[in-house]
Amino acid sequence: MTIRVTVWNENVHERKEPDVADRYPEGIHGAVADALNADKYNVRTATLQQPDHGLPESVLNQTDVLVWWSHCANDEVDDDVADRVVKRVHDGMGFIPLHSGKNSKPFKRLMGTTCRIKYRHGGETERIWVSDPGHQIADGLDEYFEIPSTEMYGEPFDIPEPDRTVFISWFEGGEVFRSGVCYRRGRGSIFAFRPGHEEYPIFYQKEVRKVIRNAVDWAAPKEGATVRWGEVDSINQLEEQ
Ligand code: ZN
C-alpha cells in the first residue's frame, strides 16, 4: 500500500537566515521529504506561503499522514487551516509534528494543553533513549542514539499523559525530555518527535530519518470499523412501551 504523505513546513528560517538556507537548500521540508524517498511513500510538500498554506481540503483529503515542521510562524497559521487539520486527524489522518511543531495550532488544539517546555540554545549533545523498545516507531534502532549538537528541551512538557512514550532524551546540561510521544485523537494517530532544530543538520542524520519513516508507517490510517453517530434506530425490534 502506498502511503500518501504531505510534509508541511513554515519555510521561514530557510528564507531569512543564510546558514539555514545553506544547510537545507531544498528547505527543511525538502530534507524530510527526502527521508521518505522510497516507493512505498507518495510524498508532496506544502508551505505556509502557499494559498491555504498548501493545505486546502483537497490536499488534506488525499493525505494519509501529515508531517509538520514549524517554529517562528506558528501564530501565522490560519485558524481555519488549523481546524481543518484537526478535523482530518479525528477522521483518521496521521499527524507528526517535529520539534517546535509542538507549538503549532493543530497540535495544541489536539492536546488541549499549553505544550510549554523549558529550552536552551548552545549546541549540547542529546542522547535519545528508546523507552518502548517493542514499539514500531523504534524498529531497527539501538538502545539509544545521539545528536551531537542541538537545542535543549527540558521537562516538564505540558502535554496530556501520552498513550506511549517511545523516546526519552537526556541532555548534556542535565535535563531530560519525553522526545517521542504517541496519542490517538478520534481515528487519528499522532506522534510528536522532538529533534529538528534548524541550526544543526539533524534531518540528515540516519536515525532521525529512520524514526520519521517508522512514524509515518505507524501513523498511516488503518481501515477500522464503520460507525454511525447521533440518533439511531434500534437494531433489534423493541417492545412497545
Ligand atoms: Zn528549535
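It should be noted that the structure appears before, not after, this text.
Read on for an overview of the structure. (Residues numbered from 1 in each chain as written. Predicted model: local features only at pLDDT ≥ 70, side-chain atom pairs only at ≥ 80, totals over all residues. Heavy atoms only, no water.)

**Concerning the coordination of the zinc ion**
Alright, step 1. In this structure, His99 (NE2), Glu151 (OE) and His197 (ND1) serve as the protein donors to the zinc ion, at separations of 2.0 to 2.1 Å.
Alright, step 2. Considered as a linear motif, the donors of the zinc ion on their single chain read H-x51-E-x45-H. Here His99, found in the loop between β4 (94-98) and α6 (105-111), pairs with Glu151, found in strand β6 (residues 144-154); they are 52 residues apart in sequence, far enough to count as distant.
Alright, step 3. With relative accessibility at 3%, the residue His99 sits in the buried group. (Donors = N, O, S within 2.8 Å, 3.2 Å for Na, K, Ca; no water. Helix = DSSP H or I, 4+ residues; strand = E, 2+ residues; numbered from the N terminus. Buried < 20%, exposed > 50% of the residue type's maximum accessible area, 1.4 Å probe, protein only.)

**Side note on the pattern of salt bridges**
Between side chains of opposite charge, pairing is possible as soon as their charged atoms come close.
Alright, step 1. If you walk through the whole model with that rule in mind, you get 16 salt bridges.
Alright, step 2. One salt bridge connects Asp79 with Arg109, and the closest N-O pair in it is separated by 2.6 Å. In this pair, Asp79 sits in helix α5 (residues 79-91) while Arg109 sits in helix α6, placing the two residues 30 residues apart along the sequence.
Alright, step 3. Salt-bridge contacts for Glu155 lead to Arg178; the nearest nitrogen and oxygen are separated by 2.8 Å. On the criterion of sequence distance, the pair formed by Glu155 in the loop between β6 and β7 (164-171) and Arg178 in strand β8 (residues 176-185) is long-range, its members being 23 residues apart.
Alright, step 4. Exposure remark for Arg178: the relative accessible area of 19% places this residue in the buried category.
Alright, step 5. What you see here is one network of salt bridges that share partners, running through Asp79, Asp83, Lys105 and Arg109. (Salt bridge = Lys/Arg side-chain N within 4 Å of Asp/Glu carboxyl O.)

**As for empty space enclosed by the protein**
Alright, step 1. One pass over the full model with this rule turns up one cavity of 30 Å³ or more.
Alright, step 2. Considered as a void within the structure, the largest cavity measures approximately 60 Å³ in volume.
Alright, step 3. Forming the walls of the largest cavity are 13 residues, and the residues nearest its centre are Phe157, Phe177, Ala192, Phe193 and Arg194.
Alright, step 4. Looking at the lining of the largest cavity, the elements that each hand over two or more residues are β8 and β9 (188-193).
Alright, step 5. The greatest single-element share of the lining of the largest cavity, amounting to five residues, is contributed by β8. (1 Å grid on protein atoms, 1.4 Å probe; cavity = no way out; pocket = protein on both sides within 12 Å on 5 of 7 lines; lining within 4 Å. Points joined across faces, edges and corners; volume = space filled by probe spheres on them.)

**Observations regarding the environment of Glu175**
Alright, step 1. With respect to the helices and strands, Glu175 occurs in the loop between β7 and β8.
Alright, step 2. It is 9.5 Å that separates the C-alpha atoms of Glu175 and Tyr119, two residues lying 56 residues apart in sequence.
Alright, step 3. In contact with Glu175, other than residues within four places in its own chain, are Lys118, Arg120, Met152, Gly154, Ser169 and Trp170.
Alright, step 4. For Glu175, the side chain forms a polar contact with the side chain of Arg120, separated by 2.7 Å. (Contact = heavy atoms within 4.5 Å. Polar contact = N/O pair within 3.5 Å; in protein donor to acceptor, adjacent residues only side chain to side chain.)

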